[in-house]
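A structural walkthrough
Read off the chains here:
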Amino acid sequence: MEKNSIVEIFCGNYPDNHITPNIASNPNFIFNNDPSFPGVQLYDEGGNVVTVNSFTECEHYVLGGWDSTLYGTNELSFYNSTSILLALIVLIYSLLKKSKYL
Amino acid sequence: MNQLISLTKNKNFALKLMLLLLLVVLPWTVNNSSDDLKAQEITDDLSFYQINTCEFSLMEIIIKNPKVAYQKHFKIRPNNYSSYQCFGTVTGIDRIGNTFFIAVGTNALIGIILKSLALLLCFSVIKTHEGHINFLSRKYNSILLLSSIILTYGIYAEKRFYSKSLYFLNLEQLSSYFILFAFIFFVTFLCLEFVNNRFENIINFFPFMFLFVAVIGGLNLHIYTFIFTILGVYSLFEKQKNIYIYLSLLFIGPLFWIFNSNKFNYTLDLDKIVGFSSSSMNLHSTTYWSIIFFLTFNGLHTLIKKNMQNINLELIKNNFLISSFLVMFFGLLGANTTLFNFLNFYYFGQNKTGMNTLDVVDGNAWRGFFPSAETIGEFYGLSILLFVFFLLKYKNSINKLEMLFVGVTLFGLIKSNNASAFILLVIFSLIYYVSRNKHYQKQIILSSGIISVLLIIYLAFQGSIYSLDFTNSKIVQDALYYKNDYQQSSFLTHIQGENSQFSKIIIGLISTVSFYINRSILWGLFFARYNPSIYEFLFGTGPLNLSKHYSEIGVSNYDAVRNDTKNFALETFLLPHSSLLNILLYFGLIGVLIISIYIFRIVLKREYIDKFVFYPLMYLVINFIKGDSILYLPSFVLILFFLIVANFSVDKAKD
């Protein structure tokens, strides 16, 4: 079984002998609560929130793109992209100024 | 005035103005709702806006509800804790009593870029020159990098404060600081480019700090903090360092403050002093604010030192008048228009939203645009004082524009209800007049003396002069009255049991002065809270940190004897109302003594100092004792400017 590092960050370590069920092929699949699993809150891009109560459920949502931070994916990627953009602006300005274009 | 009008002839002025207008209008306009959802009229039923958050831009709401822009029962408030997706949109509308609060998304990280661009665009009309430091030289890059690192460290140092406004970042993770560093690096770069190309001219425009306060919403930072950090770091690379400043500011105090703070973890809701005060007291925040204080002081010192020959007092006087006029103008605009009240807050970077009424508060004062009525009153008074000095010296006729500016500034001074600023304005104008008219000197001094004696006799008959026994103990009585029942501050315990005659005289003097300047309750409250160890009393707990003072010992507003409240607004954030007491907190008794000796030296050597610098400095020093000017960056820079210029004049004469 291949371990996913993002799943481990959000859901904790993979339990021993864990097998990822094929949920897509079973429309009636029901996640069973795991009392030993501390509930984890996950968010999607639209700001929807879900509390997952087992490692399997948590793994399923995280692999589906859910995040542990509110607006996490969108919000963080916005700041990451903006950071790169700001750095580029400084770089381009510096190059132009050094080349006496400014 | 011609010097200022010439600013508008700056190249690309029209383009800059256009860009500025876009920066003011676009953020509140572009983030519109989808086609199938239209803004509705705001009524008692707010469910529509509570369901559809972040859907409508502020402009859409105002177009649908024009009354929001001007009616007093609407209040537009920035929501710094919103997602970037909600920037410029209405994130919620609530009703409390008859007032509707409209929250507008103003994300802190977008704000840092937007505000710095708007501010630097305004200041870009200042004349440029060849870069002071070679662009991208080793020195340039070191300043850029070091300043950015220090400012990013500030966020780490005050994690608890930032965890609210930067909730989308996990401040325990290093990766979050890379994002923050990128934003801070960008603004530092903008500020460095601005300072580097205007190094010789910016000092004359410092009075505009009272108009462009430049606090970044959601962050405990001024945009000027970037500029002073840059200047401070620049001063580190200078060959001629001021050894005394380095010794006293870098090595002696901070070591004690940092080690001492390690045992505390106090926090403070900064309210109106946000931007220039620490929000917590622990090892990192004390280290960070010690560095920032040192860099600000040394940065300004270096800027003035390098530009003594460029200081133009007439231009500074004009800038004082113009900024006073504009502070009043925008204050009045904000007081009458809800929309401008919000835009003032956002773009001018106010610490606290301006007043939305012309009425005074609690029979006290109208602060208008600025967070403190007392401090802005001092500023108005100083603007008029400088104007009077120039008028008396050059005997020029007053033009209509000056008349308008002085009239509006005087109106501001009256509304601020700062009696001491007004009295000092009259006294220093008179002193200057006497110093210039030698042949009337005796008559003027004699008549002033007679008027003063008559005034004292009048006050005595009015019953306004009290016995020394009463005034000498008033401050201790007030401190005891407001202390809580279960814990007493170490300082109050000490002065209660004090038998030394010298200490009694000092406390009695402070108490009597505080009584006659209406400070006995506020200073009494200070002593009720002041709880230093012996070393903290001597060295202080570090600059710009009130967290321990306000968190360690509480005061009580409940009178058990009367079974009622003590009728003083203790639930509000009451500042000490004395910068000298703040200095006692920050730097201890040694700090107070050093600063007193420094000022005493200036008074002794006053003949070497230009009267246009010395008298304003004395005006500010007297106000400094009874005001909180050290807690606001603009007023701190104001007094520091006159202090440093006076000191350089003395040093120059000595050489």
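About the cut-offs
- Residues numbered from 1 in each chain as written.
- Chains lettered and ligands numbered in written order.
- Predicted model: local features only at pLDDT ≥ 70, side-chain atom pairs only at ≥ 80, totals over all residues.
- Helix = DSSP H or I, 4+ residues; strand = E, 2+ residues; numbered from the N terminus.
- Rg over C-alpha atoms; globule rule 2.2 N^0.38 Å.
- Buried ≥ 20, exposed ≤ 12 C-beta atoms within 10 Å, placed from the backbone.
- Contact = placed C-beta atoms within 7 Å.
- Nonpolar A, V, L, I, M, F, W, Y, C, P; charged D, E, K, R; others polar.
- Pairing = 2+ DSSP bridges.
- Domains from an automatic or database assignment.
- Expected span 1.5 Å × (residues − 1).
- Axes fitted to C-alpha atoms, helices over the stretch in contact; angles between N-to-C directions.
- Core = buried A, V, L, I, M, F, W, Y, C linked by C-beta atoms within 7 Å.

With that settled, the discussion passes to the overall build of chain B. Counting secondary structure elements, chain B contains 26 helices and seven strands. In terms of C-alpha radius of gyration, chain B reaches 26 Å, essentially the compact-globule figure of 26 Å for 655 residues. For chain B, the spread of C-alpha atoms along the three principal axes comes to 80 × 65 × 50 Å. Expressed as a percentage of its 655 residues, the buried residues of chain B come to 46%. Sequence-distant contacts in chain B: of pairs separated by 6 or more residues, those separated by 24 or more amount to 79%.

Once that is clear, we can look at the overall build of chain A. Secondary structure assignment for chain A yields three helices and two strands. Along chain A, from the amino end to the carboxyl end, the secondary structure elements read α-β-β-α-α. Burial statistics for chain A: of 102 residues in total, 18% are counted as buried. Considering only contacts within chain A whose residues lie at least 6 apart along the sequence, 45% involve residues at least 24 apart.

Listed per partner, the contact involves eleven residues of chain B and 15 residues of chain A. No other element matches helix 8 (residues 174–198) of chain B, which puts five residues into the side of chain B that touches chain A. Looking at the side of chain B that touches chain A residue by residue, the class counts come to ten nonpolar, one polar and no charged.

What follows covers the pairing of strand 2 (residues 90–96) of chain B. Residue and element names in this part refer to chain B. Two strands pair when backbone bridges link them, and strand 2 and strand 3 (residues 99–105) are joined in this way by six bridges, in the antiparallel orientation. Looking at the pairing, R95 lines up with F100 of strand 3. Connecting strand 2 to the antiparallel partner strand 3 that follows it, the hairpin turn spans two residues, and G97 within it adopts a positive phi of roughly 65°.

In this section: the domain arrangement of chain B. Residues and elements named next belong to chain B. Here chain B is described as being made up of domain 1 (31–105) and domain 2 (108–310). Centre-to-centre, using C-alpha coordinates, domain 1 lies 34 Å away from domain 2. With six residues of domain 1 at the contact, the number on the domain 2 side is eight residues. Per-class residue counts for the side of domain 1 that touches domain 2 are four nonpolar, two polar and no charged.

Let us look at unusual backbone geometry. Residue and element names in this part refer to chain B. Its identity is not glycine, yet L136 carries a phi of approximately 60°, on the positive side. Within the element layout of this structure, L136 appears in the loop between helix 5 (108–123) and helix 6 (138–157). C-beta crowding within 10 Å serves as the criterion here: with 14 such atoms nearby, L136 is assigned to the partly exposed category. Unlike most non-glycine residues, N417 shows phi in positive territory, near 60°. Here N417 is to be found in the loop between helix 15 (400–416) and helix 16 (419–436). We classify N417 as partly exposed; it has 18 C-beta atoms within 10 Å.

For the rest of this paragraph, the subject is the environment of I444 of chain B. All names here are of chain B. By the element assignment, I444 lies in helix 17 (residues 441–462). Of the residues examined, I444 has 14 C-beta atoms within 10 Å and is grouped as partly exposed. Along the backbone, I444 and I602 are 158 residues apart, and their C-alpha atoms lie at a distance of 26 Å.

Residues and elements named next belong to chain B. Spanning 22 residues, helix 14 (residues 373–394) covers 32 Å between terminal C-alpha atoms, matching the ideal 32 Å at 1.5 Å per step. For helix 14, a buried count of 16 out of 22 residues is recorded, marking the element as mostly surrounded by other parts of the structure. Where helix 14 ends, the next residue or the one after it, K395, has phi of about 50°, a positive value.

Residue and element names in this part refer to chain B. The strand order across the open sheet formed by three strands is 1-3-2, and the pairing between neighbours is mixed. The open sheet is flanked by strand 1 (74–79) and strand 2, the only strands paired with a single partner. With direction set aside, neighbouring strand axes in the sheet form an average angle of 25°.

Moving on, we come to the nonpolar core. Formed by 175 residues in total, the largest nonpolar core has its most connected members in I102, F183, C191, V195, I230, F642 and A646 of chain B. Per-element tally for this core: the top contributor is helix 8 of chain B, with 15 residues. No fewer than three residues from each of domain 1 (31–105) and domain 2 (108–310) of chain B sit in this core. Grouped together as the second largest cluster of nonpolar side chains are eleven residues, V40, Y43, V52 and Y61 of chain A included.

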